Amino acid sequence: MLADVIDVMQRGDSSGNNMIVRIRLSSGRQIYGFATENLYGGDWDIGPTWNYLVTGKNPFLVDSGRRGKGLQLGKMIEFAGFNGQDIAAVIVSHGHEDHDGGLFELTNLINTPVVAHEVYSHLVRPNAKSAPSKERADFPASCWCCPMPETFYKKNCLEYHIERQELNIVAIGDFREELGAGIEVTHAPGHCPDSVVIVVDGEAILVGDTILPEITPHPTLEGSFTVMKPALPEKFDEAQQLFGLRAYIRSLKKLSAMTESTDRLLVLPSHRLYYQDTWNQLDLHGRIDELVQHHVDRCHEILRILNSGPKTPKEIARDYFDPDLLKGYGINLAINEIKSHCELMEISQDVVVLEGDKMLSTGGENFRSLIIDL
Ligand SMILES: [Zn+2]
Ligand SMILES: [Zn+2]
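In this text the structure is predicted, and so the values were computed from the model without any measurement.

Draft legend 1. Local environment of the overall build of the protein chain. Helix and strand content of the protein chain: 14 helices and 16 strands. Computed over its C-alpha atoms, the radius of gyration of the protein chain comes to 20 Å, within 12% of the 21 Å expected for a compact globule of 374 residues. With the principal axes as the frame, the protein chain shows a C-alpha extent of 60 × 45 × 40 Å. Here the protein chain holds 374 residues, and the buried ones make up 56% of them.

Okay, here's the thing in structure tokens:
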């Protein structure tokens, strides 16, 4: 049981905010978990960000919490008995603000390199020459396709983007040896093009937002690739290598195959390890099967909605989701979610796009075999 291997060093609230835990692996290594608040306001609560410290010859941290949480995380690390010089690097699970927003503050405090998938450094730097519009010229490629409205990014993102450009970033491939034996970092794009997953001693797996309890992570859009391509390394010349539902499901399958022979991996997600006073223990393979099935069901439901005639992603989202989920920024995320499934079904020829962005069902359900073959 999860509760048996976890020592709570500092209690948090019922969502786990401000909790500090220690996990002992049978290899002798320890992993600390630090839960930093992650509130966007309103009802939208995915729970705190769980940042992890993996001990060993070169201890490393995974993620830094949201912007404004770097100092607090530094204090939590001290509380756990470490000081800044002990930390060899901060690895970024993926370039979303609730995971890398605290990096600037934290690395000013503990002065360590930021280690991330090679795509990350390309996405955090501005690239005015290739930006899709004048308005986004000062913004890094990572937000050229952001579904959030201007009011959101002006309030939440401007300084974050400026700070990220200052980071000293090392590609994971150049840091692998420093991490030492027992640490395996794997690229798992889909939720974010630079997502990575870390296996520790074949006993624990830090899955970032690629696999979460209670929440199905949002996939990106393959369509973003056309816009972001000029900012990416040349070897990424196909959308599905980094973006979209196909990339996401392929990553899930890769993680499943990679850990096939390991029956009991301790799964450490970036959100909801603890929530509503309960530990969320995940069975990795079971959860992966559930997530894939969820997307299969969602494709089927979208086609069912299209039975009554062609609809835009926004119209499908209105039919599909509970109105509560569509409040505020929810509608933007819901539309993207529908689009990512429609993209896959366009490839499987179950939908065609008509003028005005309307999706028309062709009457097939080829998406099932496409997903099986990924
Ligand atoms: Zn997250
Ligand atoms: Zn994320």
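Draft legend 2. Representation of unusual backbone geometry in the model. Look at Gln349: it is not a glycine, yet its phi comes out positive at around 65°. Structurally, Gln349 can be placed in the loop between helix H13 (330–347) and strand S15 (351–353). For Gln349, a relative accessible area of 58% corresponds to the exposed category. Phi is positive for Asp357, close to 70°, though the residue is something other than glycine. Here Asp357 is to be found in the loop between S15 and strand S16 (359–361).

Draft legend 3. Spotlight on the packing of helix H11 (residues 284–306) against helix H12 (residues 313–320). Closest axis-to-axis distance for the H11/H12 pair is 10 Å, and the angle between their directions is 105°. The angle between the axes of H11 and H12 places the two elements in the roughly perpendicular class. Together, Arg298, Glu301, Ile302, Ile305 and Leu306 of H11 and Ile316, Asp319 and Tyr320 of H12 make up the contact between the two elements. Among the residues forming the contact of H11 with H12, the class breakdown is 5 nonpolar, no polar and 3 charged.

Draft legend 4. Molecular detail of the packing of aromatic side chains. Applying the stated criterion across every chain, the model contains 6 aromatic pairs. Their ring planes at 10° and their centres at 6.4 Å tell us that Tyr32 and Phe34 sit as a pair that is stacked. Judged on exposure class, the residue Tyr32 and its partner Phe34 are both buried. Pairing Tyr32 with Phe82 gives two aromatic rings, centres 5.2 Å apart and planes at 80°, and the pair type is edge-to-face. Of this pair, Tyr32 sits in strand S3 (residues 30–36) while Phe82 is found in the loop between helix H2 (70–79) and strand S6 (89–91), placing the two residues 50 residues apart along the sequence. By relative accessible area, which is 4% here, Tyr32 ends up buried. Taken together, the aromatic side chains of Tyr32, Phe34 and Phe82 make up a single cluster linked through ring pairs. Here the basic side chain of Arg272 rests over the ring of Tyr275, its NZ or CZ set 3.9 Å away from the ring centre.

Draft legend 5. Structural view of helix H10 (residues 244–258). In this model, H10 (15 residues) spans 21 Å end to end at C-alpha, consistent with the 21 Å of a helix rising 1.5 Å per residue. Listing the buried residues of H10 in full gives Gly244, Leu245, Arg246, Ala247, Tyr248, Ile249, Ser251, Leu252, Leu255 and Ser256. Looking at the buried positions of H10, the neighbouring elements they touch are strand S10 (196–200), H11, H13 and helix H14 (367–373).

Draft legend 6. Inspection of the sheet that holds strand S1 (residues 6–10) at higher detail. Sheet architecture is open: 8 strands sit in the order S1-S2-S3-S4-S5-S6-S7-S8, paired in mixed fashion. Because the sheet does not close on itself, it has two edges, and the strands there are S1 and strand S8 (169–171). Across the sheet, the mean angle separating the axes of adjacent strands is 25° when strand polarity is ignored. Relative to strand S2 (residues 20–24), S1 runs antiparallel, the two being bridged by 4 bridges. The residue bridging Gln10 from the neighbouring strand is Ile20, located in S2. Across the sheet, H2 is in contact with S1, S2, S3, strand S4 (49–54) and strand S5 (60–62); its angle to S3 comes to roughly 145°. Sheet strands in contact with helix H4 (residues 103–110) are S5, S6 and strand S7 (114–116), and its direction is about 165° off that of S6.

Calculation criteria
- Residues numbered from 1 in each chain as written.
- Chains lettered and ligands numbered in written order.
- Predicted model: local features only at pLDDT ≥ 70, side-chain atom pairs only at ≥ 80, totals over all residues.
- Heavy atoms only, no water.
- Helix = DSSP H or I, 4+ residues; strand = E, 2+ residues; numbered from the N terminus.
- Rg over C-alpha atoms; globule rule 2.2 N^0.38 Å.
- Buried < 20%, exposed > 50% of the residue type's maximum accessible area, 1.4 Å probe, protein only.
- Axes fitted to C-alpha atoms, helices over the stretch in contact; angles between N-to-C directions.
- Parallel < 35°, antiparallel > 145°, perpendicular 65-115°, else oblique.
- Contact = heavy atoms within 4.5 Å.
- Nonpolar A, V, L, I, M, F, W, Y, C, P; charged D, E, K, R; others polar.
- Phe/Tyr/Trp six-rings, centres within 6.5 Å; stacked < 30°, edge-to-face > 60°.
- Lys NZ or Arg CZ within 6 Å of the ring centre and 35° of its normal.
- Expected span 1.5 Å × (residues − 1).
- Pairing = 2+ DSSP bridges.

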